[in-house]
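Commentary on secondary and tertiary structure
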Amino acid sequence: MGSQRLYLLAVVALAGGSLLLAALIILGELRDDSALGGGALGAILVAYGLIVLCLRKMGLIGPRRAEGK
Amino acid sequence: MYRRALTWLLRQTLKLDVSINRVYPTDWNPLYYTGGLSHFFLFVLVISGILLLFYYVASLDGAYASVRYLTEQVPYGFILRGIHRYAADGFIIAVLLHLFRNWFTDRYLFARDGPWISGMFLLILGGFIGINGYQMVWDQRAQAITEIFVAILQSIPLAGAALVRLFLGSEGISGAMLPRILFLHVGTASFLYMLLWWHYVRIRHPKIWPPATWVLALLGLVILLSALPGTRPTAGAAAQPGVPVTSYPLDVFFLLPFWLVSYLPPIVVGVGLTVLLLLGYVIPYLQREEEPQMGVRHAGIAQVIDGNCTGCELCYYDCPYDAIVMVPSPHPGLTKAAANRKLLAAVMDSRCVECGICIGACPFEALELPKFLEADLTRRIAEAIQAQPATA
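Residues numbered from 1 in each chain as written. Chains lettered and ligands numbered in written order. Predicted model: local features only at pLDDT ≥ 70, side-chain atom pairs only at ≥ 80, totals over all residues. Heavy atoms only, no water.

Before going further, it helps to spend a moment on the domain arrangement of chain B. Residue and element names in this part refer to chain B. Domains assigned within chain B are domain 1 (2–285) and domain 2 (303–386). Placing the centre of domain 1 and that of domain 2 at their C-alpha centroids yields a distance of 43 Å. Listed per partner, the contact involves 7 residues of domain 1 and 9 residues of domain 2. Of the roughly 790 Å² buried between domain 1 and domain 2, counting both surfaces, carbon and sulfur atoms make up 45%. (Domains from an automatic or database assignment. Contact = heavy atoms within 4.5 Å. Buried area = accessible area lost by both parts, 1.4 Å probe.)

Below is the structure:
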């Protein structure tokens, strides 16, 4: 249960960070700053990858859903 | 000595697997997907390469200007270049991991020599395409590596000049060079997919795509590296044929041989590389001697017991060597389970490695290794048990 809570916290933190990165993508577009927008896009994809990993570790997705229980 | 080194490397590889499996779910261990990761990076390379082609001008006057325009004027242009560049690095890293992993875990013996040989071609052509890619930019680095490439080729006795004409279209740097390099870059990349077909054709369950977490994370990493100030691709100084290049940034994944030329004669680097690559091709044939297992050296090609086969396809799916095919059954089987079969298993002799996996897969006792029958195995086990001294 402890690790489940840890993964849940990680997902929430990564989702919050992704929201911030999405705002940076918009800001990059508004400022015509490709580096900011592109960097935020790359970082958000990394965050999504980690979210998927956390969900998998929690047993919510993937072929072995019971693994996390 | 070689065999002992391989055994040690196998143990270290398996230890590494165990360590990574503590962090990642076992079916998401990236080391189980080195082939899929290579394929993923190749896919990214093809897509980004097609987009880059829209801007590239293949001429001595236009190439550098077009790359500079893309990098500095086109929105997200430098990121597109970065994706192509870092995906190429990722491709080589994944291919090398794939090569070493399969080498250390003995996945190149017997019927798997085909994937090994095609994999070596993929590695060599991948490296060649990468070098071509650096030439296409036609900056000072491109000029330097082209001059070194010409020097290495010219150091080859008899064929050197012809090879230079083949790869550059003339005796040296000329207007005919960049269109030819573009063709070699794109044409050879297309040829990689034909080699991939050869690479996959004999593998029953190839993992050709990594799990979503790796796709997202690695694509993100490639884009991130393309955008960060320290790793962002920039337009260097334009090439000036005739003016010697004193230094250029080095990509260790593709340009290491060119760095070696600074310390060794071109002929030594050329011969060394050739010998190294040829050694790569002979690896599957270095340890052909077989160790008898339970006193049996050759178990014989697996044979289907026609009367028992139900056509269930379990052996067909389980054979890792693609040695079993299902054919329309010419007549019903003899047993009750086989009476209404539609298909019949058939073993392709040239592909069977006598491993016995199909026998384990078959619940109907419809396969056998002719020199290693189940009855013999049971008898041997019974004899071995009887031969053991009684314990309290």
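What follows is about the pattern of salt bridges. Residues and elements named next belong to chain B. Here the structure, examined in full by the defined rule, presents 9 salt bridges over all chains. Residues Arg68 and Glu72 are paired through a salt bridge, measuring 3.2 Å at the closest nitrogen-oxygen approach. With Arg68 and Glu72 both in helix α3 (residues 63–72) and 4 residues apart, this pair spans about one turn of that helix. Here Asp322 and Arg351 are joined by a salt bridge, their closest N and O atoms 3.8 Å apart. Taken together, the residues span a long stretch of sequence, with Asp322 in the loop between α12 (314–318) and β2 (324–328) and Arg351 in the loop between β3 (343–347) and α13 (357–361) at a distance of 29 residues. Judged by its relative accessible area of 15%, Asp322 falls in the buried class. By sharing partners, the salt bridges in this structure join Arg85, Asp89 and Asp251 into a single network. (Salt bridge = Lys/Arg side-chain N within 4 Å of Asp/Glu carboxyl O. Helix = DSSP H or I, 4+ residues; strand = E, 2+ residues; numbered from the N terminus. Buried < 20%, exposed > 50% of the residue type's maximum accessible area, 1.4 Å probe, protein only.)

Opposite the 22 residues of chain A that make contact, chain B presents 22 residues. For the pair chain A and chain B, the two sides together bury roughly 1700 Å², of which 69% comes from carbon and sulfur. Ranking the residues of chain A by area buried against chain B places Ser34, Leu45 and Leu53 of chain A at the top, with a combined share of 27%. At the boundary of chain A and chain B, one finds 1 salt bridge. One salt bridge connects Asp27 of chain B with Arg56 of chain A, and the closest N-O pair in it is separated by 2.8 Å. Here chain A and chain B share 5 residue pairs in polar contact (both at pLDDT 80 or more) between them. For the side of chain A that touches chain B, the element with the most residues is helix α2 (residues 34–58) of chain A, which contributes 17 residues. The class makeup of the residues in the side of chain A that touches chain B is 11 nonpolar, 6 polar and 5 charged. (Polar contact = N/O pair within 3.5 Å; in protein donor to acceptor, adjacent residues only side chain to side chain. Nonpolar A, V, L, I, M, F, W, Y, C, P; charged D, E, K, R; others polar.)

This brings us to the environment of Ser3 of chain A. All names here are of chain A. Turning to its location among the elements, Ser3 is positioned in helix α1 (residues 2–30). The partly exposed category is assigned to Ser3, whose relative accessible area is 42%. On a C-alpha basis, the gap between Ser3 and Asp33 in space is 40 Å, while along the polypeptide they are 30 residues apart.

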